[in-house]
Amino acid sequence: MATQGQVITCKAAVAWEANKPLVIEDVQVAPPQAGEVRIKILFTALCHTDAYTWSGKDPEGLFPCILGHEAAGIVESVGEGVTEVQPGDHVIPCYQAECRECKFCKSGKTNLCGKVRAATGVGVMMNDKKSRFSINGKPIYHFMGTSTFSQYTVVHDVSVAKVDPQAPLEKICLLGCGVPTGLGAVWNTAKVEAGSIVAVFGLGTVGLAVAEGAKAAGASRIIGVDIDSKKYDTAKNFGVTEFVNPKDHDKPIQQVLVDLTDGGVDYSFECIGNVSVMRAALECCHKGWGTSVIVGVAASGQEISTRPFQLVTGRVWKGTAFGGFKSRSQVPWLVDKYMKKEIKVDEYITHELTLGEINKAFDLMHEGGCLRCVLSMHE
Ligand SMILES: NC(=O)C1=CN([C@@H]2O[C@H](COP(=O)(O)OP(=O)(O)OC[C@H]3O[C@@H](n4cnc5c(N)ncnc54)[C@H](O)[C@@H]3O)[C@@H](O)[C@H]2O)C=CC1
Ligand SMILES: N[C@@H](CCC(=O)N[C@@H](CSC=O)C(=O)NCC(=O)O)C(=O)O
Ligand SMILES: [Zn+2]
Ligand SMILES: [Zn+2]
């Protein structure tokens, strides 16, 4: 049955309130307006940023909403003026847009895009500042411009990457967030050179992707730091060459790393979202040139600090969003790299469940053995 131009009623996991279990609801999804794309989501993974917003600690968190931003699907219909994708195209929704026209996109200095960010930050579409999701007339907010915990979603056309239709959607959904973030933090943000000593704080999906990126860049040592020693076994497969558990040491972890590396690492990456660790990650960097990249997302109200002397003496503190990748241009390139077996994706998937099991999937995320859990949306 043709659904184009019609409201679609489908299943979605709705976060009615912070921290309350998600509820599978029948949701009405309005047709896409001008510059919008309606996507049938086939697979979505869960990212810790979904859990962060759900926890109520995200200053941009709005409820009720439909979370989810690491997914893949097929275009169902497009609104007026959409030219770059059409029904049937295989796509990855991109929470970081790329319009190619705004000041950010044209700067050549950043992957951030200003075109729809104000609307996505308040859970609506740019055209009419309204949501395309509702339940019996009650609007449900969008999340990160993607809302992939729904069988159908509506996104801005600047937030859709068209990908190789041969690529398995149940795998490449991961290229919507965590894996590109880690790889790009190394390749685009830090620009790690061959021979560098790298420290990775936090060996979840993002930290492991940092390790994978650092190995590909030719790093000579990749030191993984995690409070869970069980992480080392898996981390070795992603390029980690040494492991340090801060709990095994009386000294501050930054001192442990400085001692291990004759003065500090060349590059460090914080992949946890803990502001004390962010400080340690900066301070374990080598005097004169060490660069630390903040990747983890810290809760509302949290602030970073260090002695300014750390920067005066040449250390550099940076951050990264989506690993600095331009989403619409480079996600298809990442998919191609995966198809050529140049980057890992399957290896990050530890669990597979269905949309109806989403609360169980969030429980799993807090267990040490879970990297990414992929939900099949239509089973
Ligand atoms: N900047 C960006 O564009 C993005 C940021 N993120 C953020 O990256 C962070 C990491 O995400 P995931 O890898 O999915 O998380 P994860 O929870 O799977 O991994 C975090 C790891 O840190 C370890 N850890 C926790 N506390 C620690 C401590 N004090 N010292 C050392 N290790 C510690 C845990 O044992 C775990 O292995 C999250 O904050 C997430 O929101 C995720 C995607 C994109
Ligand atoms: N609303 C949050 C923003 C958290 C944040 O920094 N998000 C990252 C992506 S995390 C993906 O899993 C990001 O890319 N930020 C750039 C952006 O434009 O949002 C908060 O305020 O804490
Ligand atoms: Zn994410
Ligand atoms: Zn732009």
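Scroll up for the structure.
Residues numbered from 1 in each chain as written. Chains lettered and ligands numbered in written order. Predicted model: local features only at pLDDT ≥ 70, side-chain atom pairs only at ≥ 80, totals over all residues. Heavy atoms only, no water.

## What about the overall build of the chain?
Secondary structure summary: the chain contains 12 helices and 17 strands in total. For a compact globule of 379 residues, the expected C-alpha radius of gyration is about 21 Å, and the chain comes in at 21 Å, within 12% of that figure. C-alpha atoms of the chain, sized along the principal axes, occupy 65 × 40 × 40 Å. Per-residue burial for the chain yields a buried fraction of 56% across its 379 residues. The long-range fraction of contacts in the chain, counting pairs at least 24 apart against all pairs at least 6 apart in sequence, stands at 70%. Here the chain displays about 15,800 Å² of accessible surface, and carbon together with sulfur accounts for 51% of that area. Computed over 38 positive and 41 negative side-chain charges, the inter-centroid distance for the chain is 5 Å. (Helix = DSSP H or I, 4+ residues; strand = E, 2+ residues; numbered from the N terminus. Rg over C-alpha atoms; globule rule 2.2 N^0.38 Å. Buried < 20%, exposed > 50% of the residue type's maximum accessible area, 1.4 Å probe, protein only. Contact = heavy atoms within 4.5 Å. Areas by Shrake-Rupley, 256 points an atom, 1.4 Å probe, with all protein chains shown as cover. Lys, Arg positive; Asp, Glu negative; His and termini not counted. Charge placed at Lys NZ, Arg CZ, Asp CG, Glu CD.)

## Let's talk about the nonpolar core
Considering soluble globular proteins, one finds that nonpolar side chains tend to be buried as a cluster. F149, I172, L174, L175, F269 and F362 are the most contacted members of the largest nonpolar core, which has 99 residues in total. In terms of residues, this core owes the most to one element, helix α6 (residues 205-216), which gives six residues. Setting aside residues no more than four positions away along its own chain, F362 makes contact with L22, L46, D50, A51, W54 and F149. Grouped together as the second largest cluster of nonpolar side chains are 15 residues, F201, I223, L257 and A281 included. (Core = buried A, V, L, I, M, F, W, Y, C linked by side-chain atoms within 4.5 Å.)

## A closer look at the pairing of strand β8 (residues 152-156)
Within β8, five of the five residues are buried, leaving the element largely enclosed by the surrounding structure. Neither face of β8 is left uncovered, since the one carrying Y152, V154 and H156 and the one carrying T153 and V155 both have all their residues buried.

## So, the coordination of the zinc ion (ligand 4)
C99 (SG), C102 (SG), C105 (SG) and C113 (SG) make up the full set of protein donors to the zinc ion (ligand 4), lying at 2.3 to 2.4 Å. Around the zinc ion (ligand 4) sit four donor atoms; with metal-centred angles ranging over 106 to 116°, the donor geometry is tetrahedral. Look at where the donors of the zinc ion (ligand 4) fall in the sequence and you get C-x2-C-x2-C-x7-C. In this pair, C99 is assigned in the loop between β5 (90-93) and α2 (103-107) and C113 in the loop between α2 and α3 (117-120), connecting sequence segments 14 residues apart. Neither residue differs from the other here; C99 and C113 are each classed as buried. (Donors = N, O, S within 2.8 Å, 3.2 Å for Na, K, Ca; no water. Tetrahedral: all angles 85-135°; square planar, octahedral: opposite > 155°, others 65-115°.)

## Examining the layout of surface pockets
Regions of empty space are outlined by a rolling probe, equal in size to a water molecule, passed over the atoms. Space inside the second largest pocket adds up to approximately 270 Å³. Taken together, 17 residues make up the lining of the second largest pocket; nearest its centre are G35, G81, K115, D157 and V158. Taken together, the residues of the lining of the second largest pocket break down into six nonpolar, five polar and six charged. (1 Å grid on protein atoms, 1.4 Å probe; cavity = no way out; pocket = protein on both sides within 12 Å on 5 of 7 lines; lining within 4 Å. Points joined across faces, edges and corners; volume = space filled by probe spheres on them. Nonpolar A, V, L, I, M, F, W, Y, C, P; charged D, E, K, R; others polar.)

## A short note on empty space enclosed by the protein
A full pass over the atoms with the stated rule returns one cavity of 30 Å³ or more. Looking at the largest cavity, the residues that line it are Y95, Q96, A97, C113, V116, R117 and T120. Taken together, the residues of the lining of the largest cavity break down into four nonpolar, two polar and one charged.

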